[in-house]
Amino acid sequence: MKLMTAPFIDLVRGELKLVEEDIRARIGKHHPNFGVAIEQLLSSGGKRVRPTLTLLTGRMLGAEVESTVKLAAAIEMLHTATLVHDDLIDGSMLRRGLPTLNAQWTPGATVLTGDYMFARAADLAAQTGSLFIMRRFAETLMTIVNGEITQLFNDQGEDLRQDYFDRIYAKTASLFEVATQGAAVLGNAGEALIEDMKQFGYNIGLAFQIVDDVLDIVGQEERVGKPIGSDLQQGLITLPTLHYLENHPDNQDLKEVLNNGHIDEAGLARLVEAIRSSDAIERSLTEARQFVDSAIAHLAQLPASPERNALQDLAQFMTQRSV
Ligand code: IPE
Ligand code: IPE
Ligand code: MG
Ligand code: MG
């Protein structure tokens with residue numbers, strides 16, 4: 001099942017359309033290539049998981065539709081902008097099953113298009129009228145960028161597991177938590193509920209990223225839309241690899257990645273296969289499920305509603321997806 005066709009999206013399908021309209025909104029006199037880039041990224045898919053979270057939370061808490069849609073559009077736009085720059089940084093040629101901007105354009109044009117998208121995201125965030133959301137937006141972008149540069153300089157701490165969780169907070173959970181927290185703020189929820197919704201987003205963000213990292217090892221390229229094994233190829237140690245390392249500290253290919261930060265093609269294929277057929281995958285998924293359970297526990301104080309059920313189903317879906 002694809003996220004976009006899942007029944008728990010039905011409640012906000014109409015609003016998701018409005019989000020896409022906001023993202024597509026005309027770029028006026030600005031260079032047409034910005035519009036081309038945004039259109040390509042939008043039409044090539046994307047799970048829209050972050051705006052879905054915002055819309056469901058906003059609806060559940062009675063937030064005004066217009067500002068919730070702006071927040072959801074701002075979040076998706078920010079996410080898309082980080083992908084544009086990330087693919088350039090990583091030298092990735094494939095995203096959402098299509099050639100990346102950096103595969104088609106110069107680095108300069110790609111950087112500028114990402115910049116433009118960041119500015120659009122900020123503009124959309126401002127249209128919520130909430131200073132709190134604007135500040136959280138800026139903070140989150142700082143967190144994401146800080147995570148990217150830490151990874152770029154390969155600043156490995158003593159504790160690989162701590163490094164991993166810091167990294168997935170920065171790159172994924174930080175934006176998920178503002179997606180739900182921001183919507184709760186727009187719904188004028190009390191402080192405790194706002195914190196619960198923030199924690200909900202945080203926990204499913206971690207689960208989502210762990211599953212992403214599992215899919216980088218067990219997924220199929222045609223479905224995931226990006227090359228398999230790309231984390232290890234970049235010298236990135238993710239949770240499945242950490243679990244594998246625990247039981248196979250002497251694996252030569254893995255030592256190669258840990259010591260040199262890269263590995264040749266044959267070694268990569270061997271290592272991916274070794275991790276794939278070990279219990280490291282199941283152990284990682286068990287951890288992801290624990291985050292899903294924590295997320296759902298944070299919904300306990302909310303009155304029963306179709307939106308709350310949908311959020312619960314969405315949380316469960318995090319560990320079942322194959323795309
Ligand atoms: C990809 O996010 C980048 C990460 C933070 C892992 P998604 O998997 O949500 O990407 P799309 O939007 O569905 O393409
Ligand atoms: C995801 O980073 C992009 C950001 C949120 C900055 P990755 O490089 O780890 O993810 P993929 O594999 O390109 O989607
Ligand atoms: Mg990348
Ligand atoms: Mg990256």
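Provided above is the structure to which this section pertains.
Residues numbered from 1 in each chain as written. Chains lettered and ligands numbered in written order. Predicted model: local features only at pLDDT ≥ 70, side-chain atom pairs only at ≥ 80, totals over all residues. Heavy atoms only, no water.

K.L.:
What is the right way to read the site of ligand 2 from this model?
P.N.:
Taken together, T82, D86, D90, R95, I144, E148, K171 and K226 make up the full set of residues near ligand 2. At a separation of 2.7 Å, an oxygen atom of ligand 2 approaches a polar side-chain atom of D90. A distance of 2.3 Å separates an oxygen atom of ligand 2 from a polar atom in the side chain of K171. Elements with a contribution of two residues or more to the shell around ligand 2: α4 (65–90) and α7 (131–152). By residue number, the principal contributor to the shell around ligand 2 is α4, which donates three residues. Each residue belonging to the shell around ligand 2 can be placed in one class, and the counts come to one nonpolar, one polar and six charged. (Near = heavy atom within 4 Å. Polar contact = N/O pair within 3.5 Å; in protein donor to acceptor, adjacent residues only side chain to side chain. Helix = DSSP H or I, 4+ residues; strand = E, 2+ residues; numbered from the N terminus. Nonpolar A, V, L, I, M, F, W, Y, C, P; charged D, E, K, R; others polar.)

K.L.:
When you look at the coordination of the magnesium ion (ligand 4) in this model, what are you seeing that I'm missing?
P.N.:
In an ideal tetrahedron of four donors about a metal, each angle is 109.5 degrees. In an ideal octahedron of six donors, the angles are 90 or 180 degrees. Those protein atoms acting as donors to the magnesium ion (ligand 4) are D86 (OD) and D90 (OD), and they sit at 2.2 to 2.3 Å. If you look at the magnesium ion (ligand 4) and the magnesium ion (ligand 3), they sit 3.2 Å from each other and are both ligated by D86. Taken together, the positions of D86 and D90, both in helix α4 and four residues apart, correspond to about one turn of that helix. (Donors = N, O, S within 2.8 Å, 3.2 Å for Na, K, Ca; no water.)

K.L.:
How do you make sense of the side chain of D216 when you look at a structure like this?
P.N.:
Its location among the elements puts D216 in helix α9 (residues 191–218). Among the residues examined, D216 registers a relative accessible area of 7% and is labelled buried. Polar contacts involving the side chain of D216 include one to the main-chain amide nitrogen of D231, which spans 2.9 Å. Leaving out residues up to four positions away in the same chain, D216 has contacts with P227, I228, G229, S230, D231 and L232. (Buried < 20%, exposed > 50% of the residue type's maximum accessible area, 1.4 Å probe, protein only. Contact = heavy atoms within 4.5 Å.)

K.L.:
Explain the pattern of salt bridges here, please?
P.N.:
Opposite charge on two side chains allows them to pair when their charged atoms are near. Scanning all chains against the criterion turns up 20 salt bridges. E287 is the salt-bridge partner of R161, the closest N and O atoms lying 2.7 Å from each other. Here R161, found in helix α8 (residues 160–186), pairs with E287, found in helix α15 (residues 280–297); they are 126 residues apart in sequence, far enough to count as distant. E287 gets classed as buried once you look at its relative accessible area, which sits at 11%. The closest approach of N and O atoms between D279 and R283, which form a salt bridge, is 3.9 Å. Each of the salt bridges in this network shares a partner with another, and the network as a whole consists of E20, R24, E39, R48, E76 and R96. (Salt bridge = Lys/Arg side-chain N within 4 Å of Asp/Glu carboxyl O.)

Geometric values such as these leave the question of function open.
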